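Observations on the model geometry
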Amino acid sequence: MNRISLSRRGFLTSACCLAAAPVFTPVTFAAMPGDNRFVTIVLRGAMDGLDLVQPFGDAGFAALRPTLALTPDSGLLDLDGHFGLNPAAADLMPLWKSRELAFVHAVSTPYRDQRSHFDGQDMLESGGEHVAEEKTGWLNRALAVIPRSDARKAIDVNTSTELILSGPNNVDVWASDSNLAPARDEMQFLARLYAGDPPFAAALAEATRADSAAMMVEADGDHGEKIGDVAALAANMLKGDYRIASFSITGWDTHIGQAGQFKRPAGDLAQAINTLKATLGSEIWAKTVVLAMTEFGRTVRQNGSAGTDHGTGGCAVLAGGAINGGRILGRWPGIGDGQLLDDRDLMPTADVREVAAAMLYRQFDVGVDDLTRKIFPGLGFDRGSQFLNV
């Protein structure tokens with residue numbers, strides 16, 4: 001990995017977001033030719049898809065989740081007469097109505113073992129069939145095979161790269177402890193040095209104000225504002241030379257008091273997606289796909305602490321102007337007697353890697369052989385994939 005040295009032009013185009021980065025989750029980017037964009041959001045902690053998109057039309061759902069299940073009469077937002085959106089993510093409804101949002105239920109990685117977050121995230125980000133089988137991230141491997149990609153280069157706004165974009169393809173580290181948060185005397189030196197350069201001086205002043213605001217946000221605990229800034233940073237980079245971005249949203253491990261805990265990350269997800277759209281603008285958003293995915297789902301039955309435990313089948317979220325949304329995708333397995341995996345989990349009916357593969361195929365013309373051999377080893381994927389019609 002290389003450490004990035006910011007050019008004057010790079011500073012001017014990105015200074016508004018620089019100082020805020022140290023308090024955020026990692027954000028990674030890849031640069032390449034073409035107009036299509038692809039954003040992955042890793043939902044760390046095992047997002048409960050049955051809470052985000054609830055099957056209120058299934059008989060027995062309310063009995064399985066006596067304090068978590070909602071209906072349209074109790075605030076659930078009806079999507080299609082069978083599934084409803086958790087009101088904590090209500091800000092996503094305009095995207096659903098404009099067909100720029102879809103949900104893929106009952107998906108998972110091949111992981112079936114001890115339901116460990118560490119192992120589950122390894123599988124999700126490495127794209128392999130087995131834990132620790134792949135040492136690099138599937139998004140990094142994709143950079144090597146995307147047609148016409150001469151600038152196979154990634155940038156990570158953090159001190160290290162997330163697994164999903166780690167690997168042999170060139171990844172620069174834009175380290176917050178050096179490039180993004182200079183010491184006070186260094187900032188004063190820069191201010192004096194460029195006092196006669198109005199554009200640079202203005203950008204530097206804006207970065208300084210952003211740094212002060214970011215520190216206030218951290219102290220006040222306004223997590224939603226930080227997530228919005230993460231998404232804005234990603235979108236601003238995608239408006240330039242970059243075409244792929246990846247970042248994470250945490251807080252999904254809801255073992256206790258899920259009804260209250262779920263609100264914050266669900267709101268963060270809605271905030272992130274809406275910020276991406278608003279910041280990218282309509283022209284670029286029309287060429288963008290956002291894929292939000294989690295390491296595994298959660299148990300169908302709520303536990304004795306009014307939460308849920310680690311499960312298997314989960315839910316992926318697709319958004320963007322480049323998709324044909326307004327639909328619940330995938331094959332719904334049901335939650336009745338005999339329909340659960342191990343009598344506890346939502347039965348997976350599709351590999352979440354197939355969703356990711358379909359988006360790479362659509363957005364960047366990545367070939368089937370590369371998808372099934374190099375990027376997602378062992379994946380069954382062809383041009384008949386149900387997710388190519390999204």
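Relevant structure appears above.
Residues numbered from 1 in each chain as written. Predicted model: local features only at pLDDT ≥ 70, side-chain atom pairs only at ≥ 80, totals over all residues. Heavy atoms only, no water.

Observations concerning the environment of alanine 350
Condition: Here a helix means four or more residues in a row that DSSP labels H or I, a strand means two or more in a row labelled E, and each is numbered from the N terminus. Residue contacts are counted whenever heavy atoms from the two residues lie within 4.5 Å of one another.
Here alanine 350 shows up in strand 14 (residues 350-351). Considered as a pair, alanine 350 and glycine 313 are 37 residues apart in the sequence and their alpha carbons are 8.9 Å apart. With residues near it in sequence (within four places) discarded, alanine 350 still touches Ala106, Val107, Ser108, Gln386 and Phe387.

Details of helix 5 (residues 117-126)
Just so we agree on the cut-off: Throughout this description, buried means an accessible area under 20% of the type-specific maximum (1.4 Å probe, protein chains only), exposed means over 50%, and partly exposed covers the range between. In the analysis that follows, any N or O atom pair within 3.5 Å is treated as a polar contact, provided that within protein one partner can donate a hydrogen and the other can accept it, and provided that, for residues neighboring in sequence, both atoms belong to side chains.
For helix 5, the buried fraction is high: seven of the ten residues fall into the buried class. Buried-residue contacts for helix 5 involve strand 3 (37-43), helix 6 (138-143), strand 11 (288-294), helix 14 (352-364) and helix 15 (368-375). Between the side-chain oxygen of the N-cap and the backbone nitrogen of phenylalanine 118 there are 3.2 Å, and the N-cap of helix 5 in question is serine 116. Following helix 5 by one or two positions, glycine 127 has its phi on the positive side, about 80°.

Some points on the side chain of glutamine 363
Turning to its location among the elements, glutamine 363 is positioned in helix 14. A residue is classified by how much of its surface remains accessible, and glutamine 363, at 7% relative accessible area, is buried. Here arginine 37 takes part through its backbone oxygen, which lies 2.8 Å from a polar atom of the side chain of glutamine 363. For glutamine 363, the contacting residues outside a window of four places in its chain are Asn36, Arg37, Lys287, Thr288, Val289 and Ala322.

As for the nonpolar core
Note the following rule: We call a set of buried residues a nonpolar core when its members are Ala, Val, Leu, Ile, Met, Phe, Trp, Tyr or Cys and they connect through side-chain atoms within 4.5 Å of each other.
Counting residues in hydrophobic clusters, the biggest one holds 45 residues, and the most contacted among them are Ile41, Leu52, Phe103, Phe247, Ile249, Leu269 and Ile273. Of all the elements, helix 10 (residues 223-238) adds the most residues to this core, at eight residues. With residues near it in sequence (within four places) discarded, leucine 52 still touches Met47, Gly84, Leu85, Asn86, Ala89, Phe103, Phe262, Leu269 and Val317. Counting residues in each nonpolar core, the second largest holds 41 residues, with Ile244, Val289, Val352 and Ala358 among its members.

Comments concerning empty space enclosed by the protein
What counts here: A cavity here means a set of points on a 1 Å grid, drawn over the protein atoms and nothing else, where a 1.4 Å probe fits but cannot get out; a pocket is an open set with protein on both sides within 12 Å along at least five of seven lines, and a residue lines either one if it has an atom within 4 Å of a point. Grid points are joined across faces, edges and corners, and a volume is the space filled by probe spheres set on the points. Polar here means any residue other than Ala, Val, Leu, Ile, Met, Phe, Trp, Tyr, Cys and Pro, which are nonpolar, and Asp, Glu, Lys and Arg, which are charged; Gly is therefore polar.
A full pass over the atoms with the stated rule returns two cavities of 30 Å³ or more. Considered as a void within the structure, the largest cavity measures approximately 50 Å³ in volume. Forming the walls of the largest cavity are Val107, Ser108, Thr109, Met293, Thr294, Glu295, Phe296, Thr312, Gly314, Cys315, Ala316 and Val352. Secondary structure elements with two or more residues in the lining of the largest cavity: strand 7 (101-108), strand 11 and strand 12 (314-319). Of the residues belonging to the lining of the largest cavity, the class tally is six nonpolar, five polar and one charged. Size it by volume and the second largest cavity reaches roughly 30 Å³. In this structure, the second largest cavity is lined by Leu124, Trp138, Met293, Val352, Arg353, Ala356 and Phe376. Of the residues in the lining of the second largest cavity, the class split is six nonpolar, no polar and one charged.

Quick notes on helix 14
Basically, it comes down to this: Helix span is expected to be 1.5 Å times the residue number reduced by one.
The terminal C-alpha atoms of helix 14, which comprises 13 residues, lie 18 Å apart, in line with the 18 Å expected from a rise of 1.5 Å per residue. With eleven of 13 residues buried, helix 14 lies mostly within the body of the structure. Along helix 14, the positions that sit buried rather than exposed are Val352, Arg353, Glu354, Val355, Ala356, Ala357, Ala358, Met359, Leu360, Gln363 and Phe364. Two to three positions downstream of the cap, the backbone nitrogen of arginine 353 sits 2.8 Å from a side-chain oxygen, assigning the N-cap of helix 14 to aspartate 351. Where helix 14 ends, the next residue or the one after it, aspartate 365, has phi of about 60°, a positive value.

Some details on the packing of aromatic side chains
This is how it is decided: Only Phe, Tyr and Trp rings are paired, with Trp represented by its six-membered ring, and only when their centres lie within 6.5 Å; those with planes under 30 degrees apart are stacked, over 60 edge-to-face, the remainder tilted.
Overall, the coordinates contain six aromatic pairs when judged by the stated rule. Measuring from centroid to centroid gives 5.9 Å for tryptophan 96 and phenylalanine 103, while their planes differ by 25°, and the two rings are stacked. The class of phenylalanine 103 is buried, set by a relative accessible area of 0%. Plain terms: the ring middles of tyrosine 111 and phenylalanine 296 are 6.3 Å apart, the flat faces sit at 25° to each other, and that makes the pair stacked. Residue tyrosine 111 is located in the loop between strand 7 and helix 5, and its partner phenylalanine 296 is located in the loop between strand 11 and strand 12; the two are separated by 185 residues in the primary sequence. A relative accessible area of 5% places phenylalanine 296 in the buried class.

Concerning the packing of helix 14 against helix 15
What counts here: Angles shown run from 0 to 180 degrees and are taken between the N-to-C directions of axes, each axis being a line fitted to C-alpha atoms and, for helices, limited to the stretch in contact. Just so you know how the angles are binned, under 35 degrees is roughly parallel, over 145 roughly antiparallel, 65 to 115 roughly perpendicular, and the rest oblique. Rotating anticlockwise by less than a right angle from the far helix to the near helix defines a left-handed crossing, while the corresponding clockwise rotation defines a right-handed one.
Where helix 14 contacts helix 15, the two axes come as close as 10 Å, and the packing angle between them is 140°. Relative to helix 15, the element helix 14 lies oblique. Considering only the axes of helix 14 and helix 15, their crossing is right-handed. In this structure, helix 14 contributes Ala357, Leu360 and Tyr361 to the contact, and helix 15 contributes Val368, Leu371 and Ile375. Residues that form the contact of helix 14 with helix 15 fall into these classes: six nonpolar, no polar and no charged.

Regarding the environment of glycine 84
Mapped onto the secondary structure, glycine 84 falls in strand 6 (residues 84-85). Aside from chain neighbours lying at most four places away, what touches glycine 84 is Leu52, Val53, Gln54, Phe56, Leu76, Leu77, Asp78 and Leu79.

Details of the environment of histidine 310
In this fold, histidine 310 is placed in the loop between strand 11 and strand 12. We classify histidine 310 as buried; its relative accessible area is 15%. Sequence separation between histidine 310 and valine 300 is ten residues, and the spatial gap between their C-alpha atoms is 9.8 Å. Here arginine 115 takes part through its backbone oxygen, which lies 2.8 Å from a polar atom of the side chain of histidine 310. Within the local environment of histidine 310, its side chain forms a polar contact with the side chain of histidine 255, the two groups lying 3.1 Å apart.

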